[in-house]
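# Residue-level structural notes
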Amino acid sequence: MGTRGVGAGVGPSATRWGSSLDVGGGTAVLTRLAQDRRRDLVYHIVEPQKGMLRYARAYGEIHQAHAEDLPFEHGSVQMIMVGEALHHFVDPKIAFAEFARVLVPGGGLFIFEFDPSRTMGRFMATGERLLGEPGHFFTPDILAVMAREAGFLPNLKTRGWKYVLLGRRELTS
Ligand SMILES: C[S@@+](CC[C@H](N)C(=O)[O-])C[C@H]1O[C@@H](n2cnc3c(N)ncnc32)[C@H](O)[C@@H]1O
């Protein structure tokens, strides 16, 4: 499993005017994969590090910002992608609240992460913490609970120590 399913979970709500955010986007790896499937979306890369954004700018509109304070209006975005980045965020719970705020009802959330209850995931989590990173790794079930609490209907796809959470922003909240 990798991040190749990006774009598949977008669904019919993303139209030609749809905006997609790649949060913690780095050099826009996920955006590039999504663009292979959906050329019609407007792509934004949200990333705090200027150096990364220098490479990302070729693939969409760049925003030097944090997941915990997204520079977007309420309900203005159709899809959010987060690849190998959630565990770097200072406060994933606030990030989830921001995802729920900026997504339209019915909008899609794609999170690619590592499971710390599996040997390789545990190894990664330990390594990241040793390097001074926040190391916020969650098991798929815990991440699904966090997504539900933030107003998403989550679906999990797991393969070994890697997994994807596909969330749909609830229509009612
Ligand atoms: C392992 S990289 C993943 C980059 C990219 N998504 C990919 O798949 O290659 C994690 C990224 O998260 C970014 N990051 C760290 N803290 C962040 C935060 N609070 N909000 C948004 N991005 C953050 C880092 O600067 C880094 O570019």
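Small disclaimer: the values here were computed from a predicted structure and weren't measured. (Residues numbered from 1 in each chain as written. Predicted model: local features only at pLDDT ≥ 70, side-chain atom pairs only at ≥ 80, totals over all residues.)

## Structural notes on the overall build of the protein
Note the cut-off: In this text, helices come from DSSP runs of H or I with a minimum length of four residues, and strands from runs of E with a minimum of two, each type numbered from the N-terminal end. For every residue pair, C-beta atoms are placed from the backbone, and the pair is scored as a contact if these atoms sit within 7 Å.
Each helix and strand counted, the protein has five helices and seven strands in total. Scanning the protein from its N terminus toward the C terminus, one meets helices and strands in the order β-α-β-α-β-β-α-β-α-α-β-β. Put simply, of all contacts in the protein between residues at least 6 apart along the chain, 60% involve residues at least 24 apart.

## Regarding the site of the ligand
In plain terms, the rule: Should the C-beta atom of a residue, placed from the backbone, lie within 6 Å of a molecule or strand, that residue is near it. Only Asp, Glu, Lys and Arg are considered charged, only Ala, Val, Leu, Ile, Met, Phe, Trp, Tyr, Cys and Pro nonpolar, and every remaining residue, Gly among them, polar.
Near the ligand there are 19 residues, and of these Gly24, Gly26, Val29, Ala67 and Gly83 occur at the shortest range. Taken together, the residues of the shell around the ligand break down into nine nonpolar, seven polar and three charged.

## Observations concerning helix H5 (residues 140–149)
Three or four residues apart is the spacing at which side chains of an α-helix point the same way, because the helix has 3.6 residues per turn. Filter applied, for reference: For every residue, the other C-beta atoms within 10 Å of its own C-beta are counted; 20 or more classify it as buried, 12 or fewer as exposed, and values in between as partly exposed. C-beta atoms are placed from the backbone. The arc in question is the one traced by the directions running from the helix axis out to the C-beta atoms.
Taken as a whole, H5 has its buried residues at Leu143, Met146 and Ala147. Relative to the axis of H5, the buried residues are bounded by an arc of 100° and lie together on one face. Tucked inside the fold, the buried residues of H5 contact helix H3 (92–102), strand E5 (103–114), strand E6 (152–159) and strand E7 (162–169). The positive-phi residue at the C-terminal boundary of H5 is glycine 151, with phi of around 105°.

## Some remarks on the sheet that holds strand E4 (residues 77–83)
What counts here: In short, DSSP must find at least two bridges between two strands for them to pair. Between N-to-C directions, angles span 0 to 180 degrees; the directions come from axes that are lines fitted to C-alpha atoms, helices contributing only their stretch in contact.
Read across the sheet, seven strands follow the order E3-E2-E1-E4-E5-E7-E6 without closing on themselves; strand pairing throughout is mixed. Edge strands, defined here as strands with exactly one partner in the open sheet, are strand E3 (61–63) and E6. On average, adjacent strands in this sheet sit at an angle of 15° to one another, irrespective of strand direction. Relative to E3, strand E2 (residues 42–46) runs parallel, the two being bridged by three bridges. Across the sheet, residue histidine 44 finds its bridge partner in E3, namely glutamate 61.

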